[in-house]
Every structure is written in C-alpha cells, then in structure tokens.
Amino acid sequence: MVGMTTREAAQLPPASARAHSFNAAAAQYAANRPSYPPALLDALEELSGRPLAGARAVDVGAGTGIASRLLHERGARVLAVEPGAGMAAEFRRALPDVPLVRGDGNALPVADAHADLITYAQAWHWTDPARSVPEALRVLRPGGALALWWNVDAVDVDWISEAADRAGRFFGLAIPAEKRKAADRTELADPSGRLAFERRVVRWSRRVPLDVHLANIASHSAFLLTPQDDRTAFMAEERAHLLKVFPDGVVEETYDVQLLVAVTP
Ligand SMILES: C[S@@+](CC[C@H](N)C(=O)[O-])C[C@H]1O[C@@H](n2cnc3c(N)ncnc32)[C@H](O)[C@@H]1O
C-alpha cells in the first residue's frame, strides 16, 4: 500500500491546471458534490435586496448546474456561463431548459448592464479579480448584486478536522486548524476593495453513503490531478478511518456556506 507515512507528499498541481480539471470528471462531480441549502438562497435574497423570482441572474462557472438549478427553481431567469466543455455538456443534459454560453468570468460573454444578479458558486477563486471585478461591474445593472459562495468544510467538527489534516499531509500542506476555521474570503474576493461585500455563514449538513462522500472528495481539483494509484491508496485509507467514525457507512458531512454579496451603486 502506498501509505502517506511511507511516501513523498503529493504535489499540489498548479491552479491553471486545476481550473480545467473538472471536465474529465463532470458526471462524477454532478453525482457526488453537495448542493446548497434553502437558507443560502434566503440570505442571498436578503443581502441582494430583491427576490430571485424574475431576476436576471448570470451564474458564472456554472459547472454541472448545481447552483443554476436552485436559482431556476426559485424563478430566476438564469443565463449560465461555463468555460469547460465537459462541465457544459453535463449541464445541458441536466438542465436543457436553462441557456448556457461558453465563457469565463475574466471576459464575460454578456452585454453591459444585463444582469440583476451575478452568482459564482465555488468558482470565483478560479478568476483573476483584477479582470473579473470590472467584468461583473460592467454586466450588472446599477443596483445589481454580485454574489459569491463556497461550501467550506466545518473544521470544528472533530472528524472533519482530522480528515482535513490527513488531506493536508497528503499534499504536503500544514494548515493549522485555527487558520482554516478563521478563513474569511472577503479580502481575497476583491483585493482592490472596490466592492463592499456583506458576509453570511450558513451551516448545513447532509447524510450520504461513504462511497458518495469519498467520490465527493475525489472530485476536487487537487485529487483529480493526483496520479490514480496515489489517489486510490489515499481513498482506501480514508475509507478505513471513516468506517471507525461511521460504522453504518453513512457519513454526515457538515458545511459552512460562506456567502459574500456586494450591491453595486
Ligand atoms: C468547483 S466548480 C463549481 C461548479 C458549480 N458552480 C457548482 O456550484 O457546483 C468550478 C467551476 O468553475 C469553472 N471555471 C474554471 N475557471 C473559471 C473562470 N476563469 N471563470 C469562470 N468559471 C471558471 C470550472 O470549469 C468549473 O465548472
């Protein structure tokens, strides 16, 4: 077995490669990644100051459509933007009635002042804010809102903290739990400070079979680019660890969705 104690740490691949890594695993992504709770959409309506029903929403980095589906179900008129061919194909299978254009957040293929709302669910960090902030401001109508969110592992839950440590060691990263807990993405979201973000954290959880949990972890970009043998060995060790915590094979994943919303002048 390729144990983490007996081998070199895996290299974390460069961000440019990771940004495109999802396309080869789009079906796995769609089947296993967590969605977002209704309370997140409530908070989004509150912070953006308008109902989703009838809003023109541009969902960027739409992927397989997890967030687009929720916006659509709340009555938003969604236009999805996604750079990757594999993710776009999966999106079109899942949501044939929602329009999707290929493009990315650094150069949005959308007219000026088109949108009431621009959303990035787990996708803003793949953009260059020096370009994606001006693009969002161009595409939003006055008073429109830019909303960014991420499902972040709740590392104050013991087993999640331990699993995060194991993954960190696998990639040769030593991130202290305290630092992970405090991670506030507001400054990273717009280093220029042009946007005044309001922040909300929404905790939620889901119970899933262990296989779904492991496939969810494996669908993250760093693991997608890890050599197959190393990934398989890591997941086998994870399975053994987690069966001790969840002997019935049902894992309770807990997330803090971090939501940032900025309304334009
Ligand atoms: C983690 S997935 C999130 C997908 C979806 N929004 C969700 O909530 O499941 C990140 C997505 O961002 C896309 N992406 C990569 N680079 C991007 C960029 N520069 N602008 C917008 N999206 C990008 C990827 O192709 C991928 O579909």
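The present account deals with the structure reproduced in this document.

Thresholds applied
- Residues numbered from 1 in each chain as written.
- Predicted model: local features only at pLDDT ≥ 70, side-chain atom pairs only at ≥ 80, totals over all residues.
- Heavy atoms only, no water.
- Helix = DSSP H or I, 4+ residues; strand = E, 2+ residues; numbered from the N terminus.
- Rg over C-alpha atoms; globule rule 2.2 N^0.38 Å.
- Buried < 20%, exposed > 50% of the residue type's maximum accessible area, 1.4 Å probe, protein only.
- Contact = heavy atoms within 4.5 Å.
- Areas by Shrake-Rupley, 256 points an atom, 1.4 Å probe, with all protein chains shown as cover.
- Lys, Arg positive; Asp, Glu negative; His and termini not counted.
- Charge placed at Lys NZ, Arg CZ, Asp CG, Glu CD.
- Core = buried A, V, L, I, M, F, W, Y, C linked by side-chain atoms within 4.5 Å.
- Phe/Tyr/Trp six-rings, centres within 6.5 Å; stacked < 30°, edge-to-face > 60°.
- Near = heavy atom within 4 Å.
- Polar contact = N/O pair within 3.5 Å; in protein donor to acceptor, adjacent residues only side chain to side chain.
- Nonpolar A, V, L, I, M, F, W, Y, C, P; charged D, E, K, R; others polar.

**Topic: the overall build of the protein**
And step 1. Across its full length, the protein carries 12 helices and 7 strands.
And step 2. A globule of 265 residues ought to have a C-alpha radius of gyration of about 18 Å, and the protein, at 19 Å, matches this closely.
And step 3. Once the C-alpha set of the protein is aligned to its principal axes, its extents read approximately 55 × 35 × 35 Å.
And step 4. Taken across its 265 residues, the protein has 51% of its residues classed as buried.
And step 5. The contacts of the protein with a sequence gap of at least 6 include a subset with a gap of at least 24, amounting to 75%.
And step 6. Accessible area for the protein stands at about 12,400 Å²; split by element, carbon and sulfur atoms hold 55% of it.
And step 7. In the protein, 29 positive and 33 negative side-chain charges are present, and the distance between their average locations comes to 3 Å.

**Section: the nonpolar core**
And step 1. Among the nonpolar cores identified, the biggest contains 38 residues, and Tyr36, Leu44, Trp149 and Leu259 are the most heavily contacted of them.
And step 2. What Trp149 contacts, discounting residues up to four positions off in sequence, is Tyr36, Leu40, Leu44, Ala67, Thr119, Tyr120, Ala121, Gln122, Val257, Gln258 and Leu259.

**Topic: the packing of aromatic side chains**
And step 1. Enumeration over the complete set of coordinates arrives at 11 aromatic pairs.
And step 2. Ring plane angle 70° and centroid distance 6.0 Å describe the contact between Phe22 and Trp126, whose orientation is recorded as edge-to-face. Taken together, the residues Phe22 in the loop between α1 (15–19) and α2 (26–32) and Trp126 in the loop between β4 (115–121) and α6 (129–139) connect sequence positions 104 residues apart.
And step 3. Among the residues examined, Phe22 registers a relative accessible area of 13% and is labelled buried.

**Digging into the site of the ligand**
And step 1. Taken together, 20 residues form the shell around the ligand, and within it Tyr29, Tyr36, Gly61, Glu82 and Ala121 come nearest.
And step 2. Note that a nitrogen atom of the ligand is positioned 2.7 Å from one of the backbone N or O atoms of Gly61.
And step 3. Protein coverage of the free-state accessible area of the ligand, which is 590 Å², stands at 96%.
And step 4. Of the residues in the shell around the ligand, the class split is 12 nonpolar, 6 polar and 2 charged.

**Notes on unusual backbone geometry**
And step 1. In the Ramachandran plot, Ala113 falls in the positive-phi region, its phi being about 50° despite a non-glycine side chain.
And step 2. Relative to the helices and strands, Ala113 resides in the loop between β3 (100–102) and β4.
And step 3. Judged by relative accessible area, Ala113 falls into the partly exposed class, the value being 45%.
And step 4. Positive phi outside glycine occurs at Gln122, with the angle close to 55°.
And step 5. Mapped onto the elements, Gln122 comes out in the loop between β4 and α6.
And step 6. You can call Gln122 buried: its relative accessible area is 16%.

All quantities given are derived from atomic positions and should not be read as evidence of function.
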